[in-house]
Amino acid sequence: MLEQVICEHLQGNEALASKLAIYDGKPAVFDYKEPAADDQKWQGEARYGRIVFSLQIRDDPTRTKCGSLAVDVLSETNTQSYKDMEPIVRNLLDGYFFVSDDKMISLRWSHRSPGRESLAAVCEGLTMHFQVYCYPVKRPSTVNPASLLASWCKSYVEGTGQAAYFLAAGENLPQVFKPTAEKPAFYWRLAKIEPCSWIKDRQGADFRTASLQGHVIVPGQSEEEAELVLRLDQAIEKAERIICDDLSMFVSKEDSADLTADAMRQGQLTVKAAYGIAANEETSEKLQNVSIEMK
């Protein structure tokens, strides 16, 4: 589960762990549910500091909405140690990707709010809020233009000698990673499919136009991110035809790059490409008992 991956990631940081109480032999990081103060698994007298988080995932294909992660950073009353923990937690989560068997998400810092008033008598702290974006981990069962373009993109990027994370179904990714200028992340998603207006259907094949969004993700590195976007945009325009795994797409001249677009939410690249799918041939019943008389 993603919650376990996030929990272990936070527990594994020595700077943060040194400021946390110990529960069941591990630093006190909890997914939503907290143990009672008299729970026998607490070690020593300390019950704080502790980290308590709640993950809400919203898998929205349009990416008009995102999920959320709320993280309570708590310390004993009058110690103010939560202020020391806050930047550590932010650095451990902002811009990071977390991967499990059935889900992949990325986190982006949003804002902070005051801690829970109900705990004011025993602890102090604040709540940190992060936006959550989802990515696929399962291979599509049908022909998917986004998968085709993602495969082409991987071949192109690796051909330039650039190391990268490719956020496509079936890729072997670490459970926790953060893209950098030296190793950015690339993600392609299918936004829309419609009848193709510039290639006519042919016998045995119908053509569709796919609108594809490309995300080039380098958190906190806008200049490096923009350079990668422009390089990829030029490569796609020159390619004209994308061929991979015995499938092909024809790229239209309507592709564009928006360097002001949100890399995680919208994606900076927009590509329109035509591709063919097998047409459903009309079937007719076979004629039986037909006789022909020649005159």
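Only a predicted model underlies this, so the values are computations on that prediction, with no experimental measurement involved. (Residues numbered from 1 in each chain as written. Predicted model: local features only at pLDDT ≥ 70, side-chain atom pairs only at ≥ 80, totals over all residues. Heavy atoms only, no water.)

(A) Fine view of the overall build of the chain. For the chain, the helix and strand inventory stands at five helices and 17 strands. Evaluated residue by residue, the chain yields a buried proportion of 44% over its 295 residues. Put simply, 61% of the contacts in the chain that link residues at least 6 apart link residues at least 24 apart. For the chain, the accessible surface area stands at approximately 16900 Å², while carbon and sulfur atoms represent 45% of it. (Helix = DSSP H or I, 4+ residues; strand = E, 2+ residues; numbered from the N terminus. Buried < 20%, exposed > 50% of the residue type's maximum accessible area, 1.4 Å probe, protein only. Contact = heavy atoms within 4.5 Å. Areas by Shrake-Rupley, 256 points an atom, 1.4 Å probe, with all protein chains shown as cover.)

(B) Layout of the nonpolar core. Counting residues in each nonpolar core, the largest one holds 30 residues, and the members touching the most others are L69, V71, V73, L93, F98 and I105. Broken down by secondary-structure element, the contributors of at least two residues to this core are α1 (2-11), β5 (50-56), β6 (67-76), α3 (82-93), β8 (104-114) and β9 (123-135). Not counting chain neighbours up to four residues away, the residues in contact with V73 comprise R50, I51, Y82, M85, E86, V89, E124, G125, L126 and M128. Counting residues in each nonpolar core, the second largest holds 27 residues, with W152, A210, L212 and L269 among its members. (Core = buried A, V, L, I, M, F, W, Y, C linked by side-chain atoms within 4.5 Å.)

(C) Looking closely at the pairing of β6. Across the 10 residues that make up β6, a large majority, seven, are buried. In the sheet, β5 pairs with β6 via seven bridges, with the strands oriented antiparallel. Note on β6: the bridge partner recorded for S54 is A70. In this sheet, β9 lies alongside β6 in antiparallel orientation, the contact comprising 10 bridges. (Pairing = 2+ DSSP bridges.)

(D) Quick peek at a negative patch on the surface. Together, E182, E223, E224 and E227 line one region of the surface with negative charge. Here E223 shows up in helix α5 (residues 222-239). (Patch = residues over 30% accessible without salt bridge, like charges linked within 9 Å, V, L, I, M, F, W, Y side chains within 5 Å. Salt bridge = Lys/Arg side-chain N within 4 Å of Asp/Glu carboxyl O. Lys, Arg positive; Asp, Glu negative; His and termini not counted. Charge placed at Lys NZ, Arg CZ, Asp CG, Glu CD.)

(E) Quick peek at the packing of aromatic side chains. Taken as a whole and assessed by the stated rule, the structure comprises 11 aromatic pairs. Where Y23 meets F30, the ring centres are 5.5 Å apart and the plane angle is 75 degrees; that geometry is what we call edge-to-face. By relative accessible area, F30 is classed as buried at 8%. Between W152 and Y156 the ring centres are 5.6 Å apart and the planes differ by 5 degrees, which places this aromatic pair in the stacked class. Note that W152 and Y156 are positioned in helix α4 (residues 145-159) at a spacing of four residues, about one turn of the helix. Judged by its relative accessible area of 26%, Y156 is partly exposed. One aromatic cluster in this structure is built from F97, Y135, Y165, F177 and Y187. (Phe/Tyr/Trp six-rings, centres within 6.5 Å; stacked < 30°, edge-to-face > 60°.)

(F) Up close: the sheet that holds strand β1 (residues 22-23). The sheet built from three strands is open, its strands ordered β2-β1-β4 with antiparallel pairing. Two strands bound the open sheet, and with one partner strand each, they are β2 (26-27) and β4 (42-43). Note that β1 and β2 share two bridges and pair antiparallel. Bridge pairing in β2 links I22 to P27.

(G) Representation of the packing of α4 against α5. One can describe the packing of α4 onto α5 by two numbers: an axis separation of 11 Å at closest approach and a directional angle of 115 degrees. With respect to each other, α4 and α5 are oriented roughly perpendicular. You can see that α4 and α5 cross each other, and the crossing is right-handed. From α4, W152, C153 and Y156 reach across to α5, where they touch R231, L232, A235, I236 and A239. Of the residues belonging to the contact of α4 with α5, the class tally is seven nonpolar, no polar and one charged. (Axes fitted to C-alpha atoms, helices over the stretch in contact; angles between N-to-C directions. Parallel < 35°, antiparallel > 145°, perpendicular 65-115°, else oblique. Left-handed = near helix turned anticlockwise from the far one by under 90°. Nonpolar A, V, L, I, M, F, W, Y, C, P; charged D, E, K, R; others polar.)

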